[in-house]
Structure formats: C-alpha cells, structure tokens
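# Descriptive analysis of the structure
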Amino acid sequence: MLVVKCPVCGAEGDETDFHAGGQAHVRRPATCDPAHVTDAEQRDYLFIRINPRGLHFERWRCDRGCGKWFHAARDTVTMEFKAFYGITELPPMDVIAQAKGQWAEYFAKRLGAERSRETGA
Amino acid sequence: MSELSYQSPLAGLAEPHGLSVSIREIAGRGMIDLRGLGTDAAFMAAARGVLGVDLPTKPRTSASWGDIRVLWLSVDQWLILGTRARAHELLASLREALTGIHALAVDVSDMRAIIRLEGEGCREVLMKGAALDLLDKEYMPGCCRRMRYAEIAALLDVVEDNVFDIYVFRSYAHHAWNFLCATARAPAKLKLFGAQEVPG
C-alpha cells in the first residue's frame, strides 16, 4: 500500500483515495510554440515516457479529497515517496540532486533555462 | 403543463430492521455548491455577507450559522446546506452579492442523497467501507471530508460524536443504502476497538 499525502489540503490516505496521473513535467509542444511543432516532438509528447528504476516523478490527484492535482517524487524500487510538491512547482532541490539518468538531464536543462531567464540572457 | 417535482432516490424503501445503529435518509435539505478563490478578500466578504459566517478555510472543517451550514470541500469549493425551501432565495442573494466577482454558485440540492447514521458504534460501521481511521481525533464534530466509501465517492459530515451524515451522488444512493444496511446488521457489530470479550 502506498501512503500519499496531498500538499494542497494535507489529506493523507492510501492510494485508493488518490489517482495516479502518469509521468510529471511532460510539456505539450503546441502550448510552448504552436507554429513549430515537429512530428518527432509530438510523438515524444504523446507516447515517449521515462521508465526509471529508482527515483521517478509523477502526477497525482487528490481524488477523494480536495480534487487538486499535485506532483510526487517516488522511488519505483522501494515505493517510498520522497516528496510531494505543487502542480506548478519543481521538486525540492535535495530531491532533484538525487535524480539520475534522463531525469537528471531533464532537471539540469530545466534549471539551466530558468537561470538564464532570471539573468535575462 | 406538468410540474417538475423532486423525488428522493431513496423514496419508498422499506424501513431497515435489526440494525445496530439507526439509518435514515435526510430529505428536504437544500444544497448550494459555491466556488471561488479563498484568497480573494472580496469573494470571502461577499459570501460572509450573505451566509452570516466566514467560509471555513481550514481543510476538512465546517461552519454554521442559524440553519445554514457550510462544508469545506476544497480550497476553492464549499457546500452550503440549508432548508430546501430556502435554497432558491439563498442562491439568488448569493448570486447578487457575487456579481462582478470570479465565483460560481449553483443549486445542487438534487445532486446528492443524504443518509444519517446515529448511535453507538456508527464509526465502526462506517469504517467497514472506508480506508480512514475514523477513531482519529481529527473526526470530531464539525469535521467533514470527501472520501472513498464502499468503492464510491462520498462526503462525510460528523454532526455529533455518534451522528454522521453521508452524502453520496443520487445514482449511488441505493448502493450506499444497501451497503450500510448490510454492514450495520446487529449480529455483524464490531467490538474491535473497545474491551474485547475473550471466548471461554
């Protein structure tokens, strides 16, 4: 049994009170740049998912509670939740630091983009 | 022309017998679904002006004033309970007060059926269909929360220590009623949480 805690309303319960919504941080290319969406980008958006052994980032919904979506970082081996965070947020930095493989690449890219936006470069 | 009239989904059901707690339907209650931003001071003030009480912002709590009760459903959603006869009037004054504010008020009186459980041991009866620990001190009078009950969505309202209201969508009313009647049969009463008798 997974014990999930909603970061919005604080409700804690087993996974039947919640709804798993698949991989987190998937970006729809047409939302970012509707004029230039390639077939490859659209294919990746629809079908290609990360399936790691270890730390994974997912979307969950507080289905039988406040009804809000949120993010969770979960270890797929131990089934342990590492963090719950808001739907518009990035995971806590210490959890990002534990990410490996494709997730580590993703967060490095994402944080780099945010840093350059802040500095106006 | 024919007139629309409300009929309870549990109308005409036989009175249950041989139960360890009392189970009955609460009919004639008006319900208004109110949505708006809890962070919007104008919205909160307008709602307070009509209802006479602040919308509860603490998760899983409720507030009452007179015959009006407000249940917290989400950070931006509340369920207002009153008498069915007054629901129209209350909705009209809410809509008037909320003019120009990003908010929504809808009469949902016919959306849910309400079943009341009363009596010693009704927590144990409810726990047969729920994953929640209803003996936790969080579930004291005034607490309300949505939950999964008997595999369906339900809203639990702790009215008094041994008085619980369960709100289920009306299409599930029969299922919830039958499940409750089956799990509340007197011979099936649980004694798990008190002093247990050891068979001799």
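Heads up: these notes are all about the structure in this document.

Cut-offs and rules
Residues numbered from 1 in each chain as written. Chains lettered and ligands numbered in written order. Predicted model: local features only at pLDDT ≥ 70, side-chain atom pairs only at ≥ 80, totals over all residues. Helix = DSSP H or I, 4+ residues; strand = E, 2+ residues; numbered from the N terminus. Buried ≥ 20, exposed ≤ 12 C-beta atoms within 10 Å, placed from the backbone. Arc of directions from axis to C-beta. Contact = placed C-beta atoms within 7 Å. Pairing = 2+ DSSP bridges. Axes fitted to C-alpha atoms, helices over the stretch in contact; angles between N-to-C directions.

For H25 of chain A, which is not glycine, the phi torsion reads 60 degrees and is therefore positive. Of note, H25 of chain A is situated in the loop between β3 (19–23) and α1 (29–32). Given 15 C-beta atoms within 10 Å, H25 of chain A falls into the partly exposed group. At R60 of chain B, a residue that is not glycine, the phi angle is positive and equals roughly 60 degrees. Relative to the assigned elements, R60 of chain B resides in the loop between α1 (41–51) and β3 (62–65). Among the residues examined, R60 of chain B registers 22 C-beta atoms within 10 Å and is labelled buried.

All right, on to α1 of chain B then. Residue and element names in this part refer to chain B. Listed as buried for α1 are F43, A46, A47, V50 and L51. Looking down the long axis of α1, one finds its buried residues gathered within 120 degrees of arc, a one-sided arrangement. Among the exposed residues of α1, those pointing more than 90 degrees away from its buried face are A41, A45 and G49. Those residues of α1 hidden inside the fold are in contact with β2 (29–36), β3, β4 (68–74), β5 (77–83), α2 (84–97) and β6 (103–107). Phi turns positive, to about 85 degrees, at G52, one or two residues after α1.

Okay, the sheet that holds strand β10 (residues 163–169) of chain B next. All names here are of chain B. Taking strand neighbours across the sheet as the criterion, the five strands line up as β1-β7-β10-β9-β8 in an open arrangement whose pairing is antiparallel. With partners counted over all chains shown, the strands left at the sheet margins are β1 (22–26) and β8 (144–149), one partner each. Across the sheet, the mean angle from the axis of one strand to that of its neighbour is 30 degrees, orientation sign disregarded. As judged from the seven bridges shared by strand β7 (residues 112–118) and β10, these two strands associate in the antiparallel manner.

Residue and element names in this part refer to chain A. Pairing is antiparallel across the open sheet formed by four strands, whose spatial order is β3-β4-β5-β6. Only two strands of the sheet have a single partner each, and these edge strands are β3 and β6 (81–86). Sheet twist, expressed as the average angle between the axes of neighbouring strands with direction ignored, equals 30 degrees. In the sheet, strand β4 (residues 55–61) pairs with strand β5 (residues 69–75) via seven bridges, with the strands oriented antiparallel. Across the sheet, the residue bridging to R59 is H71, located in β5.

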